[in-house]
Structures are given as structure tokens and as C-alpha cells.
Amino acid sequence: AAADGLGSIAIDTTQLNMSVTDPTAWATAMNNLGMVPVGLAGQQLVTDSICVPGFDPSLSMMTGITPINPMIPGMGLVPPPPPTDVPVVKEIIHCKSCTLFPPNPNLPPPSTRERPPGCKTVFVGGLPENATEEIIQEVFEQCGDITAIRKSKKNFCHIRFAEEFMVDKAIYLSGYRMRLGSSTDKKDSGRLHVDFAQARDDFYEWECKQRMLAREERHRRKMEEDRLRPPSPPAIMHYSEHEAALLAEKLKDDSKFSEAITVLLTWIERGEVNRRSANQFYSMVQSANSHVRRLMNEKAAHEQEMEQAKESFKNALTGILTQFEQIVAVFNASTRQKAWDHFSKAQRKNIDIWRKHSEELRNAHSEQLMGIRREEEMEMSDDDSGDNPSKKLRVDDSALAAQAYALKEENDSLRWQLDAYRNEVELLKQEKGQLFRTEESLTKDQQLQFLQQTMQGMQQQLLSIQEELNNKKSELEQAKEEQTHTQAMLKVLQEQLKSAKELAEINGHDESQANEINVLTVALVNQDREKNSEKRSPGLKSEKEALLIGIISTFLHVHPFGANIEYLWSYMQQLDSRISANEIEMLLMRLPRMFKQEFTGVGATLEKRWKFCAFEGIKTI
């Protein structure tokens, strides 16, 4: 026996009970071939195991089985290839009218074309010239039921079987040499070549099966969708007084409010409201309105939970940032010469990589935390502007113009510094490309990173100064509009006073009326002077600003060399966490006689500091 699928083909040589019609010719033929004559009556050409083992023709018709590609070995109708290490043993096959001799086992197997989908037809070439349809049917009907044989005059034919698996049995006969009877004539012998044939009927039947499987799959999916589809909502009842009373009770219940409000909306859209039912509908609408306060309380509770979650996230992020700072400090301490010399080259490389990675993560977390703080500052500023919408800054025209001019100059200087930094960065890049990776190049990389960071800071300062400049321009325009409006009002009042005086003199009123008119004019003039003085020297808006000015004055007085706005803001934030750096800077800019701004340092160490100068103004006076 050969392989598992081919063992049943081997025939026992002891079974020689077949009757031979012409023993002499039979013996001569067998002796010429050097084979023992073997034959069985009604012998099956190819067993089922050589094809698809245990093949069920109705398998592809089962529902739920997706269409398979018949050309994939082991998955479709093509049987898995036999093991290469086990040789296939083919034996002589005897029929009533002919004999089939196997090919030389040392020759390569016969080649076949690509199997068409749904193939039930085979091409048989190399037939003997004297072969008839009866002999062909006698040979191939043992492979399965034959539905049609189309024989040509040129020694080939097409055979169509009833099922697809029968084609595999017929392909097995490819390479056999066929001899009619015991004749040695060339016309009575030929070497068979069996191959797949492409027939329109086979492809049509295969397409029909695929369409049927697709229909079954669509039906199965539709049934599954229908099964998983949520049920339809219940139908809404019609309006009646009894149903309206029940609905009014449901509207008062928080758990049934959603269902009840849907019914109420449907009734109103249907047009159930009339003079008779208007009171009932009004009471139901009033009940619906009573839930507004509950919903607002729920929203406030959820907002409070969100604020708590934000606060906890910010605290956790602050703790993470602190730990990152500690890790970066450890790396910086390790890179100092005292400890750096004791590490190997590989260890230094790893420490440098770790330090850069930690610094990047530290900077990312720091930017995220600063973004959260900026959002809180914006929310606080929005709240302050919403609480006091009528309070506006009233500054003198000359002071606003001076501040705008100073901001422009500062903007230009920052631009020049930014250009200088860019040139330095380009020079450093060029030097970096020319020099090797030495200690100097590492220090230059650090300088380059520091310059980039400072350049980013300068850009941010430039943007903030531009925003302040725009704000000052808008305030200047508002102050001009107010001044023109007050001048126009003053002119109108003066004209009215003149006309009143003339009428008093013409009508001959007494001196008391004239005195009253004079007193009124003096009061208007004094009021105008007070307004002008208020414009020239803007006062403090609230007690909070006075307290801030006192604390800032004390803080800057003990710092004779001044302090930058970030240092001042960090100190003030310990006293009031709601205060912002922008608010402190605006307050300092409003009082130029008490606080002045100076620039210290050169190049990358340029820094903007605020100083307390109120006592200097007193000394000059």
C-alpha cells in the first residue's frame, strides 16, 4: 500500500480469477511489458479516497457556509496534494474492451491547467483512433455518472460528469496508455491526457449556486438584524381627561418625566389643546417647567465634580512634574565633571540619552500645566469682566499715546533681538556641521537649545506686547470718543446758559435768579474741571488694588535691584491664587510715578525688571 489516500488502489497479485478471452494474446502482451497480468471483474478505476476524502456533494448548499474558492487546495473542491515523500503507486486497469497501462513512475506527473470554478467537464486527449463512445463511456463511467460525451474526429473528446468530485477521479487517469483489446496496431493504442475543461454550463450552474448562497446569507443576516433590532416604542395613547390626570402625576415624578414629556409634546403637536383643555395643558406645562431648577442643580453638581476632577488632575500633574524635576536634577548632577569622569563611554552615552528624554518629558508636562493655568486665568478674567461690565479704564490721551509709543519701541527692540538670535543660531548650525562631535560641540548644542528657548520666550513676549498695544489703541480711541462727547455736552450746556441769561435780562428777573444761574455755571465748570483732573490722574478702582499696590511696594522696596514679573507673580500667588501676572503688570503700568521698568543683561541674559521709584519722585520734588 502507498499513502493513506492511495492505499486502496493497490491490488493483491494473488487475485487472478478474471477470465481472459484470448489467453495467448494476453500473455504475449504482458510478457512484452514485463508485468504479471492482473485483473478484476468490475474493478473500480479510482477510489473515493484519492479525491476529496468523505466528500459530500451537498456540502456547498448548507446555509451559513460562505462560498469557497474551489482553486484553493484543502479548502475548495481540489483535494490536498499527496505527500511528496510517498510515491504514488499506479496499477494496470482492465476493462472489457480495453486495457489501461500506468505511466513510468520516474516521469514527472502530467501537467493540468488552472481549474475553472464549478468544473464538471474534462478534456480527454490522446485517444486511440479506433476508440468509440461506448469504449470511452466504459472507461470513464467508473469515475461517476456521465451526463454527456462530445467526441471529435481528431482523437479527443469532452466528458461532462454529474458532480464536481468525479472530475478528480478522471484526472487521475491522465498519463495512462490505452490499448483496445489485444491488438498491437497504432490505431488501437494511445496515451491519455486528461485535463480540466471550461464549459459554460458548468460556470452557469456554479454562478447559480453562488447566488443561492448569497441569498441565503442575506436572509440569515436579515433574520439576525431583525432579532437584534431594539423593539419599537409603545404607541402614545389618545388624549382624554383621565389620561391627562395620569400624565400630570407622571410629570411630577422625576423617574417618569422623560416618558411623560414625550407624551405631552405629542399631544400638543396633534392639536389637542383647545379652550376646554387649556387649563389642564397649562398645569402640565407648569409641571414641566418646575423641573428646570432640578436640572440646573444636577448640572451644577456635575460641574462641581468636573472642577474637582480638574483640581485632582492638576495636583497629580504637579507631583509628576516635581518628580521629573528631581530626575533631571539627578542627571545634571551626574553630568558634572566630579562624577562624569568616573563613568565609561557607554554609560555616559546612556546617561545623556536619558537626560534628554527626561528633559523633553519635563518640558511637555510643564507646558501642559501652564496651559491649564492659562485656561484658569482666562476663566477668572472672563468672570471679572462679566461681574463688572460697566467699569472701564479711563486714561488720559497723552498717557495712552506715550504708553503706545513705548510699546512700539519695545516691540521693535524685541524684533531686532530676535533677528540677532536667529543669526546666532544659523552660525551655530554651520559650526556644528563643520566641527566634529567633541566637548565643544556638545556645549554649543546646549547653547543652541538655550537660544531656541529664549527665542521662543521672546516671541511669546512679542505677542503679548502686541496684544497690549492693540488694547491701548482701543482704550485711546474710547477715551477720544468720550472726550469729544463731553466737549459737545459742555458746549450745549454753555449755549443753554447763555440763552437763559439773556432771557433773564430781557424779562427783568431779580438778582436772585441771576445768582442762581451764575452758581449753576460755576458748578458745571467745576464739575468739568473735576472730570479733567480725574482723567489726568486715574484713581484706584477698588480696595483690592490698593492692597495689591501696598504689598507690591513693600516687596519691591526690599529688592533694590528690582524683580521680574514672574518672581513677583509667584510671591503674590501665595497670598491670592486667583491673581494673574497680566493683572499685576497692568497695575504697575498704570502707576508710572511709583513703579518703573528697566532692562538688565545683554543678549541671552536680557531680563525685564520692575523697581519701586516713589521715593525718588518725592526727593526730586
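The rules behind the values
- Residues numbered from 1 in each chain as written.
- Predicted model: local features only at pLDDT ≥ 70, side-chain atom pairs only at ≥ 80, totals over all residues.
- Heavy atoms only, no water.
- Helix = DSSP H or I, 4+ residues; strand = E, 2+ residues; numbered from the N terminus.
- Contact = heavy atoms within 4.5 Å.
- Axes fitted to C-alpha atoms, helices over the stretch in contact; angles between N-to-C directions.
- Parallel < 35°, antiparallel > 145°, perpendicular 65-115°, else oblique.
- Left-handed = near helix turned anticlockwise from the far one by under 90°.
- Nonpolar A, V, L, I, M, F, W, Y, C, P; charged D, E, K, R; others polar.
- Phe/Tyr/Trp six-rings, centres within 6.5 Å; stacked < 30°, edge-to-face > 60°.
- Lys NZ or Arg CZ within 6 Å of the ring centre and 35° of its normal.
- Pairing = 2+ DSSP bridges.
- Buried < 20%, exposed > 50% of the residue type's maximum accessible area, 1.4 Å probe, protein only.
- Salt bridge = Lys/Arg side-chain N within 4 Å of Asp/Glu carboxyl O.
- Expected span 1.5 Å × (residues − 1).
- UniProt positions renumbered as here; feature names shortened; annotations may be inferred.
- Core = buried A, V, L, I, M, F, W, Y, C linked by side-chain atoms within 4.5 Å.

Caption draft 1: A look at the environment of glutamine 417. Within the secondary structure, glutamine 417 is located in helix H11 (residues 397–434). Put simply, glutamine 417 and methionine 458 are 41 residues apart on the chain and 8.5 Å apart in space, counted from C-alpha to C-alpha. The contacts of glutamine 417, once residues within four sequence positions are left out, are Met458 and Leu606.

Caption draft 2: Structural context of the packing of helix H14 (residues 543–557) against helix H15 (residues 565–575). Packing of H14 against H15 leaves a shortest axis separation of 11 Å and a crossing angle of 130 degrees. Between H14 and H15, the angle is such that the two are oblique. Crossing angle aside, the handedness with which H14 passes H15 is right-handed. Along the contact surface, H14 presents Leu548, Ile551, Ile552 and Phe555, while H15 presents Tyr567, Leu568, Tyr571, Met572 and Leu575. For the contact of H14 with H15, the class distribution of residues is nine nonpolar, no polar and no charged.

Caption draft 3: The packing of aromatic side chains, seen in detail. The full count for this structure, using the stated rule, is nine aromatic pairs. Through successive ring pairs, a cluster of aromatic residues spans Tyr239, Trp267 and Phe281. Above the plane of the ring of tyrosine 172 lies lysine 90, whose end atom (NZ or CZ) is 4.8 Å from the centre. The ring of phenylalanine 257 is capped by arginine 294, whose NZ or CZ atom sits 5.9 Å from the centre of that ring.

Caption draft 4: Spatial organisation of the sheet that holds strand S3 (residues 121–125). Read from one edge of the open sheet, four strands run S4-S5-S3-S8, paired in antiparallel fashion. Of all strands in the sheet, those with a lone pairing partner are strand S4 (146–151) and strand S8 (193–196), marking the two edges. Ignoring strand direction, the axes of neighbouring strands in this sheet form an average angle of 20 degrees. Two strands pair when backbone bridges link them, and S3 and strand S5 (residues 156–161) are joined in this way by five bridges, in the antiparallel orientation. Bridge pairing links threonine 121 to arginine 160 in S5.

Caption draft 5: The pairing of strand S2 (residues 98–101), seen in detail. Side chains Cys98 and Leu100 project from S2 onto one buried face, and the interleaved Thr99 and Phe101 project onto a second face that is buried too. Here strand S1 (residues 93–94) pairs with S2 via two bridges, running antiparallel. Counted as the bridge partner of histidine 94 is threonine 99 from S2. Sheet topology note: the S2/strand S6 (residues 177–180) ladder contains four bridges and is antiparallel. Across the sheet, leucine 100 pairs through a bridge with methionine 178, a residue of S6.

Caption draft 6: Summary view of the packing of helix H5 (residues 241–252) against helix H7 (residues 278–289). It is the contact of H5 with H7, at a shortest axis distance of 9 Å, that shows an interaxial angle of 15 degrees. Here H5 lies roughly parallel to H7, going by the angle between them. In the packing of H5 onto H7, the handedness of the crossing is left-handed. Contacts between H5 and H7 involve Glu241, Ala244, Leu247, Ala248, Leu251 and Lys252 from the former and Gln280, Met284 and Ser287 from the latter.

Caption draft 7: Here's a closer look at the pattern of salt bridges. Per the stated rule, a full pass over the model turns up 24 salt bridges. Of the charged contacts, one joins lysine 314 and glutamate 376 as a salt bridge, the two residues approaching to 3.3 Å between their closest N and O atoms. Here glutamate 376 lies in helix H10 (residues 345–387) and lysine 314 lies in helix H8 (residues 291–334), a separation of 62 residues in the sequence. The buried category is assigned to lysine 314, whose relative accessible area is 15%. Residue classification places glutamate 376 among the partly exposed residues on the basis of a relative accessible area of 29%. Here the residues in one salt-bridge network are Lys120, Arg160, Asp202 and Glu205, joined through shared partners.

Caption draft 8: Spotlight on the sheet that holds S2. Sheet architecture is open: four strands sit in the order S1-S2-S6-S7, paired in antiparallel fashion. For this open sheet the edge positions go to S1 and strand S7 (189–191), each flanked by a neighbour on one side alone. Sheet topology places S6 next to S7; three bridges connect them, and they run antiparallel. Along S7, the bridge assignment pairs arginine 179 with serine 189.

Caption draft 9: Focus on helix H4 (residues 200–228). In this model, H4 (29 residues) spans 42 Å end to end at C-alpha, consistent with the 42 Å of a helix rising 1.5 Å per residue. Here the buried face of H4 lies against S3 and S5.

Caption draft 10: Seen up close, the UniProt feature "coiled-coil region" (unreviewed entry) in the chain. Feature annotation in UniProt places "coiled-coil region" (unreviewed entry) on residues 285–312 and 404–496, given in this structure's numbering. Structurally, residues 285–312 is divided into 96% helix and 0% strand, and its ends, taken at the C-alpha atoms, are 41 Å apart.

Caption draft 11: Inspection of the nonpolar core at higher detail. Counting residues in each nonpolar core, the largest one holds 30 residues, and the members touching the most others are Val124, Phe140, Ile159, Phe161, Leu173 and Met178. Residue assignment for this core shows that the elements contributing at least two residues are S2, S3, helix H2 (133–140), S5, helix H3 (165–171), S6 and S8. Element by element, the count of residues in this core is highest for H3, at five residues. Excluding anything up to four places from it in sequence, phenylalanine 161 contacts Lys120, Val122, Phe140, Cys143, Gly144, Asp145, Ile146, Thr147, Met166, Val167 and Ala170. Residues Leu568, Trp569, Ile579 and Ile584 belong to the second largest nonpolar core, which totals 20 residues.

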